[in-house]
Amino acid sequence: GVAAAGMAVTLPIGGDTFGAPVIVEGRPLPPEGQEPSAGYQMVSPGFFEAAGVPFVAGRDVALTDTRERTRVAVINEAFAAEHWPGESALGKRMRFDRDPTYPRIEVVGIVRNLRHNGPEAPPRSELYLPYTQSSFSFMAVVVKAHGGPAFLAQPVRQAVMSLDPGQPISRVMTMEEHLRNDLAEPRFLSQLTMLFGALALTLAAIRIYGVMGWSVALP
């Protein structure tokens, strides 16, 4: 029942705050402390397909992108528009440090913008590094199902445990549940604002009614 599967450090609308300064090759070196920054995270092959994020150009990260090979990244449209407006970003390079000997990262793919900081926040510049070159202590597994996703929870648990019985698995949920949980606070604040607005309107109407009644009662 699995249509696609992949991994990422954080999920969409998950409040991802990972970021790093970026030095773009071929551009003047910015003053120290004023380097442009970008969000970043580690992903596996298949994550974008599983999460429903289409490619604009280039390729996905691959298992062949190992630490012994050139470091690569997939960037989003916002990153491409910020640093290479009007030209192709494929093949362009960058690094995370001002030191010119720091390893270069080559752009191999471009994807649509994926929102991490809520539906109202504008998309930020982001790059996605293959986990085979930049490992992390925890990752989220994303599975796209042909049918209803709920029945896949147990098979996915069993698949993970068959690889590593000691690997902890937590917070298994559908993407709909994930989005509903992460949007619960802004939805509550929106409802609270509407409630106070309605209360203010009611108080204003009562005040106007009272003033009109008082003026009519005057001799």
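Figured I'd write up the structure that's included with this text.

Rules and cut-offs
- Residues numbered from 1 in each chain as written.
- Predicted model: local features only at pLDDT ≥ 70, side-chain atom pairs only at ≥ 80, totals over all residues.
- Heavy atoms only, no water.
- Core = buried A, V, L, I, M, F, W, Y, C linked by side-chain atoms within 4.5 Å.
- Buried < 20%, exposed > 50% of the residue type's maximum accessible area, 1.4 Å probe, protein only.
- Helix = DSSP H or I, 4+ residues; strand = E, 2+ residues; numbered from the N terminus.
- Contact = heavy atoms within 4.5 Å.
- Salt bridge = Lys/Arg side-chain N within 4 Å of Asp/Glu carboxyl O.
- Polar contact = N/O pair within 3.5 Å; in protein donor to acceptor, adjacent residues only side chain to side chain.
- Phe/Tyr/Trp six-rings, centres within 6.5 Å; stacked < 30°, edge-to-face > 60°.
- Pairing = 2+ DSSP bridges.

**Some points on the nonpolar core**
Okay, so step 1: Membership of the largest hydrophobic core comes to 19 residues, with the highest contact counts inside it found for Ile75, Phe79, Trp84, Met94 and Leu127.
Okay, so step 2: Elements represented by at least two residues in this core include exactly strand E4 (37–43), strand E6 (71–76), helix H2 (77–83), strand E8 (105–111) and strand E9 (126–130).
Okay, so step 3: The contact partners of Phe79, leaving out residues within four places of it in the chain, are Val22, Ala38, Trp84, Met94, Ser125, Glu126 and Leu127.
Okay, so step 4: Within the second largest apolar cluster, 15 residues are counted, among which are Ala4, Val43, Phe47 and Phe48.

**Here's the deal with the pattern of salt bridges**
Okay, so step 1: Applying the stated rule across the entire model yields eight salt bridges.
Okay, so step 2: Linking Glu126 and Arg124 is a salt bridge whose minimum nitrogen-to-oxygen distance equals 2.9 Å.
Okay, so step 3: The buried category is assigned to Glu126, whose relative accessible area is 1%.
Okay, so step 4: Here Arg124 falls in the partly exposed class, since its relative accessible area comes to 21%.
Okay, so step 5: Connected through salt bridges with shared partners, the residues Arg27, Glu87 and Lys92 form a single ionic network.

**Focus: the side chain of Asn76**
Okay, so step 1: Within the secondary structure layout, Asn76 lies in strand E6.
Okay, so step 2: Among the polar contacts made by the side chain of Asn76, one reaches the main-chain amide nitrogen of Glu126 at a distance of 3.0 Å.
Okay, so step 3: Every residue in contact with Asn76, bar those within four places of it in the chain, is listed here: Ile110, Val111, Arg112, Asn113, Arg124, Ser125 and Glu126.

**Some remarks on the packing of aromatic side chains**
Okay, so step 1: Tallying each qualifying case throughout the model produces six aromatic pairs.
Okay, so step 2: Note on Tyr40 and Phe96: the rings are 5.8 Å apart at their centroids and 45° apart in plane angle, and the pair reads as tilted. Separated by 56 residues along the polypeptide, Tyr40 in strand E4 and Phe96 in the loop between strand E7 (93–95) and E8 bring together distant segments of the chain.
Okay, so step 3: Tyr40 sits in the partly exposed class, given a relative accessible area of 22%.
Okay, so step 4: Three or more aromatic residues joined by ring pairs make a cluster, and in this case those are Phe47, Phe48, Phe55 and Tyr128.

**Regarding the environment of Pro30**
Okay, so step 1: In this fold, Pro30 is placed in the loop between strand E3 (23–24) and E4.
Okay, so step 2: Spatially, the C-alpha atoms of Pro30 and Arg98 are 9.2 Å apart, while their sequence positions differ by 68 residues.
Okay, so step 3: Sequence-distant contacts of Pro30, defined by excluding residues within four places in its chain, comprise Ile23, Glu35, Pro36 and Arg98.

**Quick look at the environment of Gly39**
Okay, so step 1: With respect to the helices, strands and loops of the structure, Gly39 is situated in strand E4.
Okay, so step 2: A relative accessible area of 4% places Gly39 in the buried class.
Okay, so step 3: C-alpha separation for the pair Gly39 and Val22, spaced 17 residues apart in sequence, amounts to 9.8 Å.
Okay, so step 4: Not counting residues up to four positions away in its chain, the partners in contact with Gly39 are Phe18, Gly19, Arg124, Ser125, Glu126 and Leu127.

**Comments concerning the pairing of E9**
Regular strands place side chains that alternate from one sheet face to the opposite one.
Okay, so step 1: Extensive coverage of E9 is indicated by the burial of five of its five residues.
Okay, so step 2: Judged by which residues are buried, E9 turns out to be covered on both faces: Glu126, Tyr128 and Pro130 on one side and Leu127 and Leu129 on the other are all buried.
Okay, so step 3: Note that E4 and E9 share five bridges and pair parallel. When the sheet's bridge partners are listed, Val43 is paired in E9 with Pro130.
Okay, so step 4: Note: E6 against E9, two bridges, orientation antiparallel. From the neighbouring strand, Val74 faces E9, where its bridge partner is Tyr128.

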